[in-house]
Amino acid sequence: MSASATSYLLLDYTGDALLPTGYDEVTTEVAWLEAASALPDGSTAPPLILVRGAELCGWAKVWWEARGGEVNKCASPSKELLQVCSKLTIEQAKLLLQELPAAQKAANSVELLTLLYPATVSWLPISAHPTADTLQKHIAHWLLWVADQTAGWPEHHRPVVQAVVTAYQMHHPQVAPLWLTDPTEAAQAIRQWLGVASEGSIQAVLAPGLSWLGAFPLALPPTWQEQVRSAFAESLPAVTADSAAAVVATQAWWAQHLRPEQPAAVRVTAAHVLADFVRNNPAAASLALLKNLETELPPALINQLRPLVAPPVPPPLPTSPAEVLTWTTQAYLPYRQWQVANKQDAATQLVGKAAREFGNWLLQVYPTQLLDAVHPYQQLYWSKQANRPGPNEVVIWVIADGLGWADAQNLLRLIADESANKSNGALAATLAQPCFGLLPTITSHTKEPLRWGVPFSHLAQADTTAPPDLKSNANLAAAAAKAQPGSLLVWRPYDPDPIYHQQVDADVARDLVQGALYTLATRIATAANAVPPGPAVRVLITTDHGRLLSDSPREMLAPSTCKVEGRTAHLLADAPAVRPAPDTDEVRWLDPKLFCLPNWVGVALGEAAFRIPVGETTHGGRAPYPHGGVWPEEVVLPWLELVRDAGPVKVAASLTGAGRAGFPGVAQLRLRNDSRHHLTVVHVSIRFGAATPHIVPLHQPSVPLKTIDVSIDLPSWPHSSEVQSGQLVVVVETADGKQASFPVDANLTNTGLQDRGVDIGAEFGF
């Protein structure tokens, strides 16, 4: 039908047809009689009118056809809209068309909803077969949008929303319960997804869908960030006068809020809330808690918290290399960092004593146990592996300069953040292995041996025919974009070493180093993303030497035949190959034959550095963060591995055993690592009934795709009634120091005759 002319009398039975140009509408019998009476006798040319209403149209049709004319029944936009959204009534469809005439152009209910809310549902529609990532984001958008509709939708909008939900539930049944339309329920679902829901609001029906979806994928709006912060603050435990109980309660709280489904931003919010809490409640602070917060908070904030709790004094030095590495990273370095922050004389003396014992042990075992490439505690072991990339992978090997263990942990976190949203997949830290570096700890004697996986004196026999390494200022991403499967790209940045050698305040140095690490992280993440999809991508990161965590007085004099570099002095090339000076309590001279060096080298055992020769005199003062000696932070170095698309951390755990209720017993924890990540099992938190959580420290390594069994001592075996409602959580730590918690299935039985969980009298009818 033309919108401007027709040879038919136009009848609109529904009463909502569009009025053609130049036409008048007739809605009453009087108006119809006036229009009909104005027609010439015998004429069948219709008047320019549109008759509306079912009863009036029926009357006009009979009259007009009796006159010999023809009629045309106009289409109803409202009824057409019902074909798009069958849940609408005619009246609701009319209201929609009055509000939004363009609604008649919608092809389905999803398009209709986007027309109604173009500014807030821009993420609609979704394809029939979305990827898991797309579906995850779509559900998150939907729940955030529904939760925001606290004032409710207009009644004529509700059927459209319901129609969309019905369609999505049919097409995506695995997450059907999450297509919610009630704002309160949607808000509860978001809180449950984020891991901040209170026990009373948790809906069991949502758990399978949320588990299938994984971590919440969107940035939280400011209002939700504040909700999360408030929820965390309200759920923190009350601090008692008993500091031990406060520490346990706070650790258990943190473990409960380390769910894998929590996005990084939520975890960081929890860390900030916890930092404020322990600052105001020092009794709740602990070394373990500060270590957890280190992975989430800026270094400046951690430095404010560090004085709250003194780490335990390092125990006596072990004897085996693997145990010494654990001693260094778990005992010495935490205490050393605290000592630097507090500058207490007693702590400084303890650190000096422990470091000297380490140095003496190191120089004794180095020639026979640490100089080869046979064991994982040797750095050359890993560099040998790095030089053999697999045929279906691209390996990017970064040999940084002066990257200590603490900086390496920070770098891992920065890389993860920088690569989180890269188009070709994020990098995940899968391995952080401490190992013994080469001596002396200066670049001139370590970088080339490290690169080729051999001691210095064996460099001449090493196969160095590989393509040249990339220099510090090279375009790493451009080289990665051209890499073929089986390629090894070796990049040698100078950072962060030059910054540490600057004469600046400690706070300034930390800020500058943080900036350098961020630049390194950005370049590494960009390069890994530049490798085209297809081959696996591994990023390896290590360093040529560590450095002291403090400055050092330049007090020691070196023989004139030696070149001084920080805390080392080595014979010049043209000097005779004889011991330059006898050993002292402060300096040990390394025999080139035993230590596979080109000539004699003196290394510092104490805290002092060598004075710098200046003409006929020497320069003293203090050396900022020097290296070259044999303190733990100079020698124990990181070997890091990151993998593109490594997948999430997945752990399945169960606690089994039999014991007598109320008495001590031993249970078996079985933990299966179903991921590609090297993990450390930190502890198990066990709580039955209203008792205080029992935290069992473990620090057990867990390699990818393997199962471990650990015995767990329970001080009081639970009653049967407590087992099913028990709260058991295992906390694991990833290579970048971040922790995640996983539920532990309790399969515990009682061997006692009487158990308050079983009413024996009731079973016999008493």
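Residues numbered from 1 in each chain as written. Predicted model: local features only at pLDDT ≥ 70, side-chain atom pairs only at ≥ 80, totals over all residues. Heavy atoms only, no water.

A tally of regular secondary structure across the protein gives 26 helices and 25 strands. Relative to the 2.2 N^0.38 estimate, which gives 27 Å for 766 residues, the radius of gyration of the protein is 37 Å and therefore markedly larger than a compact globule would have. Out of the 766 residues in the protein, the part that is buried amounts to 50%. For the protein, restricting intrachain contacts to residue pairs at least 6 apart in sequence, the fraction spanning at least 24 positions comes to 72%. Split by element, the accessible area of the protein, about 34800 Å² in all, is 54% carbon and sulfur. Once the 52 positive and 69 negative side-chain charges of the protein are each reduced to a mean point, those two points are 7 Å apart. (Helix = DSSP H or I, 4+ residues; strand = E, 2+ residues; numbered from the N terminus. Rg over C-alpha atoms; globule rule 2.2 N^0.38 Å. Buried < 20%, exposed > 50% of the residue type's maximum accessible area, 1.4 Å probe, protein only. Contact = heavy atoms within 4.5 Å. Areas by Shrake-Rupley, 256 points an atom, 1.4 Å probe, with all protein chains shown as cover. Lys, Arg positive; Asp, Glu negative; His and termini not counted. Charge placed at Lys NZ, Arg CZ, Asp CG, Glu CD.)

Cis peptide bonds are those with omega within 30 degrees of zero, and the linkage from L124 to P125 qualifies with -5°. Summarising the element assignment, P125 is placed in the loop between helix 5 (109-116) and helix 6 (132-147). Cis geometry marks the peptide bond from L439 to P440; its omega dihedral reads -10°. Turning to its location among the elements, P440 is positioned in the loop between strand 6 (427-436) and helix 19 (443-452). One non-glycine residue, Y625, lies in positive phi territory at about 45°. On the secondary structure map, Y625 appears in the loop between strand 17 (622-623) and helix 24 (632-635). The phi angle at H699 is positive, at roughly 55°, despite the residue not being glycine. Following the sequence through the fold, H699 ends up in strand 22 (residues 694-702).

This brings us to the pairing of strand 8 (residues 536-543). Among the eight residues of strand 8, seven are classified as buried, and the element is accordingly described as predominantly covered. The pairing of strand 5 (residues 393-400) with strand 8 spans eight bridges and is classified as parallel. Its bridge partner being in strand 8, V395 is matched across the sheet by R538. (Pairing = 2+ DSSP bridges.)

The five strands are arranged 6-18-8-5-7 in an open sheet whose pairing can be described as mixed. Single-partner strands in this sheet number two, and they are strand 6 and strand 7 (488-491). When strand polarity is set aside, the average angle formed by the axes of neighbouring strands in this sheet is 15°. Across four bridges, the pairing between strand 8 and strand 18 (residues 636-644) is antiparallel. By the bridge assignment, R538 is partnered in strand 18 with V643. On the sheet, helix 22 (residues 506-530) packs against strand 5, strand 6, strand 7, strand 8 and strand 18 and is oriented at approximately 155° with respect to strand 8. (Axes fitted to C-alpha atoms, helices over the stretch in contact; angles between N-to-C directions.)

Quick reminder: α-helices carry 3.6 residues per turn. Residues three or four places apart thus point the same way. Of the positions making up helix 1 (residues 29-37), those classed as buried are W32, A35 and A36. Considered in projection along helix 1, the buried side chains sweep an arc of 95° and stay on one side of the axis. Turned more than 90 degrees off the buried face of helix 1, the exposed positions are V30, E34 and S37. Each element contacted by the buried residues of helix 1 is listed here: strand 1 (9-12), strand 2 (24-26), strand 3 (49-52) and helix 2 (54-66). (Arc of directions from axis to C-beta.)

With that settled, the discussion passes to the pattern of salt bridges. Close approach of charged atoms lets side chains of opposite charge pair. Within the structure shown, the criterion is met by 25 salt bridges. Two residues, E25 and R52, come together in a salt bridge whose shortest N-O distance is 2.6 Å. Taken together, the residues E25 in strand 2 and R52 in strand 3 connect sequence positions 27 residues apart. The exposure class assigned to E25 is partly exposed, which follows from its relative accessible area of 46%. We note a salt bridge from E65 to K61, for which the minimum N-O separation is 3.1 Å. With E65 and K61 both in helix 2 and four residues apart, this pair spans about one turn of that helix. Of the residues examined, K61 reaches a relative accessible area of 29% and is grouped as partly exposed. Shared partners join several salt bridges into a network, and the residues in it are E448, R451, D469 and R492. (Salt bridge = Lys/Arg side-chain N within 4 Å of Asp/Glu carboxyl O.)

Before going further, it helps to examine the packing of aromatic side chains. Overall, the coordinates contain 20 aromatic pairs when judged by the stated rule. Residues Y117 and W145 carry aromatic rings whose centres are separated by 5.4 Å and whose planes lie at 70° to one another, so their mutual orientation is edge-to-face. Of this pair, Y117 sits in the loop between helix 5 and helix 6 while W145 sits in helix 6, and the two are 28 residues apart along the sequence. Y117 gets classed as buried once you look at its relative accessible area, which sits at 15%. Ring geometry for W327 versus F358: centroids 6.4 Å apart, planes at 10°, classification stacked. With W327 in helix 15 (residues 321-342) and F358 in helix 16 (residues 345-370), this pair connects stretches of sequence that are 31 residues apart. (Phe/Tyr/Trp six-rings, centres within 6.5 Å; stacked < 30°, edge-to-face > 60°.)

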